[in-house]
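One letter stands for each residue in the lines below.
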Amino acid sequence: MRIDIVSIFPMLVRTVGDFGVARIALERSILELNFWDPRDYCEDNYRRVDDRPYGGGPGMVMQAPPLAAAIRDARQAGQGRVIGLSPQGRPLDQATVERLAAESALVLLAGRYEGIDQRLLDAEVDEELSIGDYVVAGGELPAMVLIEALVRFLPGVLGNEESAKTDSFSAGLLDWPHYTRPEKFEGKKVPQTLLGGNHNEIRRWRLRQALGQTWLRRPDLLEKRQLSEEESLLLDEFKEQLKGQETS
Ligand code: SAM
């Protein structure tokens, strides 16, 4: 996958490729990152990309011309759809990540200051995405969040191809709890089922836990999801077990 990033802080976004799964993806040439700095498209010697807002008020606004020139070059080089990172965009979720990971190229646009001239957004941006209902200082960290999330879905990056598919949200549920050695930690044992080696029992235990944790922590996810007969049964069992623990 090719990702072209339009940002006035390319060095910041570049660090996403120095660690973990993104680094592996770059090393295996599964991912390619390219950077386009709008300052390189400025006509003045000060390389200014911002100016005061029409109508007055605080802060500065990113100007359309250098951004448009950078985006057009990025789009021409990679042929990707342009994703604008913005707190006003649609909240990023796992389904969107999976959809975008299937694209061969994307252009990510990171804003700064009070935001970007609306005419640029209207003309050049195909989709706006937000990383949550809060505001950070620039689109670089949101772009890095999106890149890490995308990379997990690129074939050949994760050790186990199934890993991203069993993560929280992929099946509309939170992940189940994980355990590893030692078998006993500060008096607490690993659940017996996980030590038993019965694959069907382990699968049912994990699904029961995933359903239960989702019911406890994110009931909104369950409201959006139709449960199978087995899932309804396992969730009932989880609730019963919880009631048992509370009364014992
Ligand atoms: N005035 C804007 C508003 O209230 O909607 C916020 C501008 S913010 C300080 C500057 C840039 O940071 C934005 O153009 C965007 O690229 C990025 N940004 C900030 N919060 C974000 C979020 N939650 N998701 C995605 N991008 C964000």
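Everything numeric here is computed off the predicted structure, so don't read it as measured data.

Colleague: Give a description of the nonpolar core that names residues and reports values.
Modeller: In this structure, Ile3, Leu108, Ile147 and Leu150 are the most contacted members of the largest nonpolar core, which totals 31 residues. Listed by contribution, the elements that provide at least two residues to this core are β1 (2–6), α2 (20–27), β2 (32–36), β5 (81–91), α4 (94–101), β6 (105–110) and α6 (140–151). Counting residues per element, this core draws most heavily on α6, which supplies seven residues. Counting 19 residues, the second largest nonpolar core, distinct from the first, contains Ala70, Val107, Leu120 and Leu121.

Colleague: Can you tell me about the sheet that holds β1, naming the residues and giving the values?
Modeller: Sheet architecture is open: five strands sit in the order β2-β1-β6-β5-β7, paired in parallel fashion. With one partner strand each, in any of the chains shown, β2 and β7 (127–130) form the two edges of the open sheet. Averaged over all pairs of adjacent strands, the angle between their axes in this sheet comes to 35°, without regard to strand direction. Inspection of the sheet shows β5 paired to β6 by five bridges, in the parallel sense. Considered in β6, the bridge of Gly84 is made with Leu109. Contacts from helix α3 (residues 64–78) reach β1, β2, β5 and β6, with the element oriented near 170° to β1.

Colleague: Just give me the short version of the site of the ligand, but keep the residues and values in it.
Modeller: By nearness alone, 20 residues border the ligand, and Leu85, Gln88, Gly111, Glu114 and Tyr134 come closest of all. Leu85 is positioned with one of its backbone polar atoms (N or O) 2.6 Å from an oxygen atom of the ligand. Ser86 has a polar backbone atom sitting 3.2 Å from a nitrogen atom of the ligand. Notes on the ligand: free accessible area 580 Å², of which the protein chains cover 84%. Taken together, the elements giving at least two residues each to the shell around the ligand come down to β5 and β7. Among the elements that line the shell around the ligand, the one with the most residues is β5, at four residues. Along the lines of polarity and charge, the residues of the shell around the ligand split into 10 nonpolar, eight polar and two charged.

Colleague: Give me the domain arrangement of the chain: which residues, what numbers.
Modeller: Many authors give the size of an interface as the accessible area that is lost as the parts come together. Entries for the chain in the domain assignment read domain 1 (2–151) and domain 2 (171–247). Computed from C-alpha coordinates alone, the two centres of domain 1 and domain 2 are separated by 39 Å.

Colleague: Tell me about the side chain of Asp175, and please be specific about residues and values.
Modeller: Turning to its location among the elements, Asp175 is positioned in the loop between α7 (163–166) and β8 (184–185). Here the side chain of Asp175 touches His178 through a polar contact of 2.7 Å, side chain to side chain. Look past the residues within four positions of Asp175 in its chain and what remains in contact with it is Thr166, Asp167, Ser168 and Ala210.

Colleague: Give a detailed account of the packing of helix α9 (residues 199–217) against helix α11 (residues 229–247), specifying residues and quantitative values.
Modeller: Two numbers describe how α9 lies on α11: the axes approach to 8 Å, and their chain directions differ by 70°. With respect to α11, the element α9 is oriented roughly perpendicular. For the pair α9 and α11, the contacting residues are Arg203, Arg204, Leu207, Arg208, Gln209, Leu211, Gly212, Gln213, Trp215 and Leu216 in the first and Glu230, Glu231, Leu234, Leu235, Glu237, Phe238, Lys239, Gln241 and Leu242 in the second. When its residues are assigned to classes, the contact of α9 with α11 shows eight nonpolar, four polar and seven charged.

Colleague: Mind laying out the side chain of Asp167, listing which residues take part and the relevant values?
Modeller: When you line up the elements, Asp167 lands in the loop between α7 and β8. Since its relative accessible area comes to 19%, Asp167 is described here as buried. Within the local environment of Asp167, its side chain forms a polar contact with the side chain of Arg152, the two groups lying 2.3 Å apart. Leave out the neighbours within four places in its chain, and Asp167 touches Gln94, Arg152, Leu173 and Asp175.

Parameters at a glance
Residues numbered from 1 in each chain as written. Predicted model: local features only at pLDDT ≥ 70, side-chain atom pairs only at ≥ 80, totals over all residues. Heavy atoms only, no water. Core = buried A, V, L, I, M, F, W, Y, C linked by side-chain atoms within 4.5 Å. Buried < 20%, exposed > 50% of the residue type's maximum accessible area, 1.4 Å probe, protein only. Helix = DSSP H or I, 4+ residues; strand = E, 2+ residues; numbered from the N terminus. Pairing = 2+ DSSP bridges. Axes fitted to C-alpha atoms, helices over the stretch in contact; angles between N-to-C directions. Contact = heavy atoms within 4.5 Å. Near = heavy atom within 4 Å. Polar contact = N/O pair within 3.5 Å; in protein donor to acceptor, adjacent residues only side chain to side chain. Areas by Shrake-Rupley, 256 points an atom, 1.4 Å probe, with all protein chains shown as cover. Nonpolar A, V, L, I, M, F, W, Y, C, P; charged D, E, K, R; others polar. Domains from an automatic or database assignment. Parallel < 35°, antiparallel > 145°, perpendicular 65-115°, else oblique.

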